Amino acid sequence: MGKRKSDAVEVMTVPMKKKRVASYQVVETASFFTNPTSTGPSPARKTLNTTFDKFRDDVKNEPDLIDIGGTSKLLEQLQIPLDDVGTLIFSEIVSSPSLGKINREGFVDGWSEVNIDTLPKMRNYVLQRRSALQDDKESFKSVYNHTFTLPLAQGAKTLPLEVAIDMWQTLFTAPSYDWRTQSTPWLDWWVEFLQAKKTKAVNRDLWKQTLSFALQAMDDENLSFWNEESSWPSVIDEFVEWVKTEKRPGGGEAMEVE
């Protein structure tokens, strides 16, 4: 199979906050992960619609949208910092179409699916998922893949590199999925390589394949899973060669670093 090449076109920069890790006290909420067993409409939907209405920014012109201002107030009440991975988890749950925007359908359907209808329960559910990202790869993959769409400029198909790096630094560091081992600071190397290569943008394929590469590299940091006939994007092929020549010259295996 031929190699897929990643398109790189420059698009408008989306301002992002730098990541700041916050610590949380998680309340016991195991039952919140259970889907409702009733075959009828969820009793939570009416309450969720009422909650949604409280945070709308433009009731008259956009009655089914919470915009950036309302989303900021909602996350503030949930005590979830805007630059924490918890915000990305919340956005995935409610199917946010872009950063800071929440549609009524996504909000009501998302929380009804897990039978949650109050702000305290929402907070605790987000924190439960947050604490499980390192071990629950399917949950992490869902949040990771949805995140790509959030900072896209209207009509754009790629993220500016600096925006992608901001997202990766939130997604690939604790308390999210920590992409490093005692031997290899994978995220640091990945960012260093892309910046040295002067990559301008990241498309959806490279975004998804970076996750696949990251998960495999964590299980096999000597990269024996990679070969020249694999169908990795060319940027990842070049990254592997860069690791071998710049970080592990002489063909040596992974070595412990501080």
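All values derive from a computational prediction rather than experimental measurement.

A closer look at the overall build of the chain
Logical step 1: Of regular secondary structure, the chain possesses 10 helices and four strands.
Logical step 2: Put simply, the chain runs from its N terminus to its C terminus through helices and strands in the order α-β-α-α-β-α-α-α-β-α-α-β-α-α.
Logical step 3: Residue pairs at least 24 apart in sequence account for 77% of intrachain contacts in the chain once pairs closer than 6 positions are excluded.
Logical step 4: Total accessible area on the chain stands at roughly 13500 Å², and carbon and sulfur atoms take up 49% of it.

Considerations on unusual backbone geometry
Note: most residues except glycine have negative phi, and most peptide bonds are trans.
Logical step 1: A cis amide bond, omega 15°, links A174 with the succeeding residue P175.
Logical step 2: Structurally, P175 can be placed in the loop between α7 (161-171) and α8 (186-197).

Section: the pattern of salt bridges
Logical step 1: According to the stated counting rule, one finds 10 salt bridges in the structure shown.
Logical step 2: The residue K101 makes a salt bridge to D67 at a minimum N-O spacing of 2.8 Å. Remark: D67 occurs in the loop between β1 (65-66) and α2 (68-77) and K101 occurs in the loop between α3 (85-93) and β2 (102-103); sequence separation between them is 34 residues.
Logical step 3: Accessibility expressed as a relative area gives 27% for K101, which makes it partly exposed.
Logical step 4: With a shortest N-O distance of 3.1 Å, E192 and K247 are connected by a salt bridge. Of this pair, E192 sits in helix α8 while K247 sits in helix α10 (residues 234-247), and the two are 55 residues apart along the sequence.
Logical step 5: The class of E192 is partly exposed, set by a relative accessible area of 36%.
Logical step 6: When its relative accessible area of 29% is taken as the criterion, K247 is described as partly exposed.
Logical step 7: Several salt bridges converge on common partners, so that one network encompasses D53, R56, D64 and R104.

Points about the side chain of E92
Logical step 1: By the element assignment, E92 lies in helix α3.
Logical step 2: Of the polar contacts made by the side chain of E92, one reaches the side chain of S142; its length is 2.7 Å.
Logical step 3: The contacts of E92, once residues within four sequence positions are left out, are R129, S142, V143 and H146.

Remarks on the packing of α3 against helix α5 (residues 119-131)
Logical step 1: Contact geometry of α3 with α5 gives a least axis separation of 9 Å together with a crossing angle of 115°. Relative to α5, the element α3 lies roughly perpendicular. Regarding α3 and α5, the two cross each other, and that crossing is right-handed. On the side of α3, the interface is formed by V85, G86, I89, F90, E92 and I93, while α5 contributes Y125, V126, R129 and R130.
Logical step 2: Its residues assigned to classes, the contact of α3 with α5 shows six nonpolar, one polar and three charged.

Quick look at the confidence of the model for the chain
Logical step 1: Chain-level pLDDT for the chain is 85 on average; 80% of the residues reach the 70-or-more range.
Logical step 2: Predicted confidence is poor over residues 1-38, with pLDDT under 50, and the contacts of this stretch with residues over four places away or in other chains come to 93 contacts.
Logical step 3: Here residues 254-258 is a poorly scored stretch, pLDDT under 50, and it has 12 contacts once near neighbours within four places are set aside; other chains count.

Let's talk about the nonpolar core
Logical step 1: Core analysis: the biggest nonpolar cluster contains 68 residues, and F107, W111 and W168 have the highest contact counts within it.
Logical step 2: Excluding residues that lie within four positions of it along the chain, W168 makes contacts with Y144, T173, L187, W190, L194, V202, W207 and T210.

Notes on the packing of aromatic side chains
Logical step 1: Counting across every chain of the model gives 26 aromatic pairs.
Logical step 2: Geometrically, the ring pair formed by F140 and Y177 is stacked, given 5.2 Å between the ring centres and 25° between the ring planes. Note that F140 is positioned in helix α6 (residues 137-147) and Y177 in the loop between α7 and α8, a separation of 37 residues in sequence. Each member of the pair F140 and Y177 is classed as buried.

A look at the environment of R56
Logical step 1: As for its position among the elements, R56 is in the loop between α1 (44-54) and β1.
Logical step 2: With near-sequence residues (within four places) excluded, R56 lies in contact with P63, L65, I66 and R104.
Logical step 3: Polar contacts involving the side chain of R56 include one to the main-chain carbonyl oxygen of D53, which spans 3.4 Å.
Logical step 4: At a separation of 3.1 Å, a polar atom in the side chain of R56 contacts the main-chain carbonyl oxygen of P63.

Reading the values: the criteria
Counting from 1, residues in each chain are numbered in the order their sequence is written. Local features are withheld for residues below a pLDDT of 70 in this predicted model, meaning they are given only at 70 or higher, and side-chain atom pairs are given and counted only at 80 or more; totals for whole chains, interfaces and linings count all residues. With hydrogens and water excluded, all non-hydrogen atoms of the structure serve as input to the side-chain values. Starting at the N terminus, helices and strands are each numbered in turn, a helix being any DSSP run of H or I of at least four residues and a strand any DSSP run of E of at least two. Throughout, a contact is declared for two residues whenever any of their heavy atoms are within 4.5 Å. The method behind every accessible area is Shrake-Rupley, applied with a 1.4 Å probe, and residues are considered shielded solely by the protein chains displayed. What makes a salt bridge here is a side-chain nitrogen of Lys or Arg within 4 Å of a carboxyl oxygen of Asp or Glu, nothing more. When accessible area is computed with a 1.4 Å probe and restricted to protein chains, residues below 20% of their type maximum are described as buried, those above 50% as exposed, and intermediate ones as partly exposed. Polar contact is defined as a pair of N or O atoms within 3.5 Å, subject to the rule that within protein one atom must be able to donate a hydrogen and the other to accept it, and that residues adjacent in sequence are counted only when both atoms are side-chain atoms. Axis geometry follows a simple rule: fit a line to the C-alpha atoms, using only the stretch in contact for helices, then measure angles between N-to-C directions, giving values from 0 to 180 degrees. If an angle is under 35 degrees, it is roughly parallel; if it is over 145, roughly antiparallel; if it lies from 65 to 115, roughly perpendicular; otherwise it is oblique. Take the far helix as the reference: if the near one is turned anticlockwise from it by less than a right angle, the crossing is left-handed, and if turned clockwise, right-handed. Residues were grouped as follows: Ala, Val, Leu, Ile, Met, Phe, Trp, Tyr, Cys and Pro as nonpolar; Asp, Glu, Lys and Arg as charged; and all remaining residues, including Gly, as polar. Think of pLDDT as the predictor's per-residue confidence, scored from 0 to 100. Here, nonpolar core refers to any group of buried Ala, Val, Leu, Ile, Met, Phe, Trp, Tyr and Cys residues whose side-chain atoms link them within 4.5 Å. Centre distance within 6.5 Å is the pairing criterion for rings of Phe, Tyr and Trp, where only the six-membered ring of Trp is used; planes under 30 degrees apart are then read as stacked, over 60 as edge-to-face, and the remainder as tilted.

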